Amino acid sequence: MGRKQYIIIILILGFIIALGALSIDMYLPAFKAIAADLHTDESGVQLSLSSYFLGISFGQLLYGPLLDRYGRKKPLYIGLLVYIIASVACALTRSISVLIALRLIQALGGCAGIVAARAFVRDLFPVKDIAKVFSLLLLVLVVSPMLAPTIGGYVSSAWGWHYIFIILAAVAVIVVVSCIIWLPDGRQPDTTLSLKPKHITNSFWSVFKHPQFFTYALTGCIGMGGQYAYLAGSSYVFISYYHVDQKHFGYIFAIIAAGLIGFSQVNSLVIRKISGEIVMKNALILQCIVGIVLFGLTYSGYINMYCMIGIIFLFLSVQGFITPNATALSLAPFASQAGIASALMGFLQMGLGALSAAIVSHFNEGRLSPIPMVAIMMISGVMALIFLFVTNNFVSKKEFTEPVLDDAETSMH
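Nothing here was measured: the structure is a model prediction, and the numbers come from that model. (Residues numbered from 1 in each chain as written. Predicted model: local features only at pLDDT ≥ 70, side-chain atom pairs only at ≥ 80, totals over all residues. Heavy atoms only, no water.)

Another point: the overall build of the protein. Counting its secondary structure elements, the protein contains 16 helices and zero strands. Taken over C-alpha atoms, the radius of gyration comes to 20 Å for the protein, in line with the 22 Å a tight globule of 413 residues would show. Referenced to the eigenvectors of the C-alpha coordinate spread, the extents of the protein come out at roughly 60 × 45 × 45 Å. Of all intrachain contacts in the protein linking residues separated by at least 6 positions in sequence, the fraction that spans at least 24 positions is 87%. (Helix = DSSP H or I, 4+ residues; strand = E, 2+ residues; numbered from the N terminus. Rg over C-alpha atoms; globule rule 2.2 N^0.38 Å. Contact = heavy atoms within 4.5 Å.)

Turning to unusual backbone geometry, a few remarks are in order. Although it is not a glycine, H39 adopts a positive phi angle of roughly 60 degrees. Counting through the fold element by element, H39 comes out in the loop between α2 (31-37) and α3 (42-70). For H39, a relative accessible area of 75% corresponds to the exposed category. Although it is not a glycine, H243 sits at a positive phi angle of roughly 60 degrees. Tracing the backbone shows H243 in the loop between α9 (211-241) and α10 (246-270). Exposure remark for H243: the relative accessible area of 64% places this residue in the exposed category. (Buried < 20%, exposed > 50% of the residue type's maximum accessible area, 1.4 Å probe, protein only.)

A cluster of nonpolar side chains, contributed by V88, L92, W159, Y163 and I166, occupies part of the molecular surface with about 540 Å² of accessible area. Elements represented by at least two residues in the nonpolar patch include exactly α4 (73-92) and α7 (162-182). When you line up the elements, W159 lands in the loop between α6 (130-158) and α7. W159 gets classed as exposed once you look at its relative accessible area, which sits at 59%. (Patch = residues over 30% accessible without salt bridge, like charges linked within 9 Å, V, L, I, M, F, W, Y side chains within 5 Å. Areas by Shrake-Rupley, 256 points an atom, 1.4 Å probe, with all protein chains shown as cover. Salt bridge = Lys/Arg side-chain N within 4 Å of Asp/Glu carboxyl O.)

Evaluation of the coordinates by the stated rule reveals 17 aromatic pairs. Ring centres 5.5 Å apart and planes at 90 degrees place the aromatic pair Y6 and F125 in the edge-to-face group. Of this pair, Y6 sits in helix α1 (residues 3-25) while F125 sits in the loop between α5 (96-124) and α6, and the two are 119 residues apart along the sequence. Given the relative accessible area of 2%, F125 is considered buried. (Phe/Tyr/Trp six-rings, centres within 6.5 Å; stacked < 30°, edge-to-face > 60°.)

Further remarks concern the state of the cysteines. With the rule as written, the count across this model stands at zero disulfides. Cysteine C90 shares no disulfide, and the gap to the nearest cysteine sulfur, in C111, comes to 15 Å. (Disulfide = S-S within 2.5 Å.)

Taking 1.5 Å per residue as the helical rise, α4 with its 20 residues ought to reach 28 Å, and the 29 Å between its terminal C-alpha atoms agrees with that figure. Among the residues making up α4, those that are buried are K73, P75, L76, G79, L80, Y83, I84, A86, S87, C90 and A91. Tucked into the core, α4 has its buried residues touching α1, α3, α5 and α7. (Expected span 1.5 Å × (residues − 1).)

A separate point is the pattern of salt bridges. Applying the stated criterion to the full structure yields three salt bridges. Its salt-bridge partner being R72, residue D68 comes within 2.8 Å of it at the nearest N-O pair. D68 sits in the buried class, given a relative accessible area of 6%. Taking the relative accessible area as the measure of exposure, R72 reaches 1% and is therefore buried. With a closest N to O distance of 3.7 Å, D185 and K73 form a salt bridge. One end of the pair, D185, is in the loop between α7 and α8 (197-208); the other, K73, is in helix α4, and 112 residues separate them in sequence. With relative accessibility at 49%, the residue D185 sits in the partly exposed group. Overlapping salt bridges bring together D68, R72 and D123 as one network.

Our focus in this paragraph is the side chain of T298. Position of T298 among the secondary structure elements: in helix α11 (residues 276-300). On the accessibility criterion, T298 (8% relative accessible area) is buried. Setting aside residues no more than four positions away along its own chain, T298 makes contact with I303, M308, P370, I371 and V374.

Right, let's get into the side chain of S380. By the element assignment, S380 lies in helix α15 (residues 371-391). Given a relative accessible area of 7%, S380 falls into the buried group. The residues contacting S380, other than those within four sequence positions of it, are I222, G223, G225 and G226.

Once that is clear, we can look at α5. For an α-helix the count is 3.6 residues per turn, leaving residues at separations of three or four pointing the same way. Between its first and last C-alpha, α5 extends 42 Å over 29 residues, near the 42 Å set by a 1.5 Å rise per residue. Helix geometry: α5 is bent most strongly at G109, by close to 30 degrees. The buried fraction of α5 is high, at 22 of 29 residues. In this structure S95 caps α5, since a side-chain oxygen of it lies 3.3 Å from the backbone nitrogen of S97. (Bend = angle between axes of the 7 residues up to and from the residue. Polar contact = N/O pair within 3.5 Å; in protein donor to acceptor, adjacent residues only side chain to side chain.)

By secondary structure assignment, the location of I174 is in helix α7. Assessed through its relative accessible area of 56%, I174 is described here as exposed. For the pair I174 and M378, spaced 204 residues apart in the sequence, the C-alpha separation amounts to 38 Å.

With 126 residues, the main nonpolar core has L13, I16, F53, F213, Y230, F238 and I312 as its most contacted residues. Discounting chain neighbours no more than four positions away, the residues touching F53 are I24, Y228, L231, M350, G353, A354 and A357. (Core = buried A, V, L, I, M, F, W, Y, C linked by side-chain atoms within 4.5 Å.)

Another point: the packing of α10 against helix α13 (residues 319-331). At a minimum axis separation of 7 Å, α10 and α13 run at an interaxial angle of 55 degrees. Taken as axis vectors, α10 and α13 run oblique relative to one another. Note that α10 runs across α13; the crossing there is right-handed. On α13, the residues that touch L260, F263, S264, V266, N267 and V270 of α10 are Q319, G320, F321, P324 and N325. Residues of the contact of α10 with α13, tallied by class, amount to six nonpolar, five polar and no charged. (Axes fitted to C-alpha atoms, helices over the stretch in contact; angles between N-to-C directions. Parallel < 35°, antiparallel > 145°, perpendicular 65-115°, else oblique. Left-handed = near helix turned anticlockwise from the far one by under 90°. Nonpolar A, V, L, I, M, F, W, Y, C, P; charged D, E, K, R; others polar.)

Encoded structure:
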């Protein structure tokens, strides 16, 4: 493909994935306003974040087989339509219970884009370029959390939190139109693929038990638990605990997100000379150390807001080395099952994200402390590192490479 088409495809896929991030980040500054308007507390609003993670997690298992069976675009459009309807309904709700349920439905629609975007990457780009492409997608993805909380804070302050969901619906409409006009179809539908539950279960199992997928998908997903703990707890910690207003919270969020952007782009340069496996392993070691320091200082009370921002900045910046490489290493062995592999990785990632958010929400209830958030961040980093070292022996070094192109890819490129 030409350079112009390459850039357009990267931008479209980035915005498809970013829609999920916007759905999380844009309403974080409005937690306090939503709680007051819907007559609940902030831990109740945090459950709407947990339900969103839960919907994304299980929804991806649904879309994986559909994307392989019917092609990439039809399931994507249906999912985005569900997302648009649910977003408008969220804007109109007057009940926290209904909001929690609608966020679940919104996620079930929006997760079509997350699975489809990963599958499109596997379809449209050579395997040797996957890690680089995911780093570029992360650049687009991370710009959204830099801007989203700031925009959400201003929108909530000026017009009310309901308009945040109206904006999300409008963004989804723009994404659909862009996909129709500029996005290629990707891999053709596989009409031989059965959608019977037994066949789908076997397909997921065959992907899951692949040593390379098992090792790197789970390592990456466990590590991302810290990022989701931060997403769930950051509003509570900075707005309620440190008394930062909604607008300034957006700036803090943007500064921390900037680290992810910078390091993800450094990653795309580093992996030209060093294997993604080695980069990810060393990044996990550093993240583990930073997580332990963050928890130790917070637990002992020897930390202020600015110190916490700096340490969290470093902790999440290192994620820019972990996520692209974990994703690329996990999906690289699969061509015909890219939808299944993408869905399964998304399920594991968001499932652990929902668990992290729910734990932070549970321990925040009735107390005002940053400890639940930083504890889960530390535990996620430590567990990911331990898991990688324990399971790394399962990956055959004869099979493991930044894999070569298969026949289908050779003809495509």
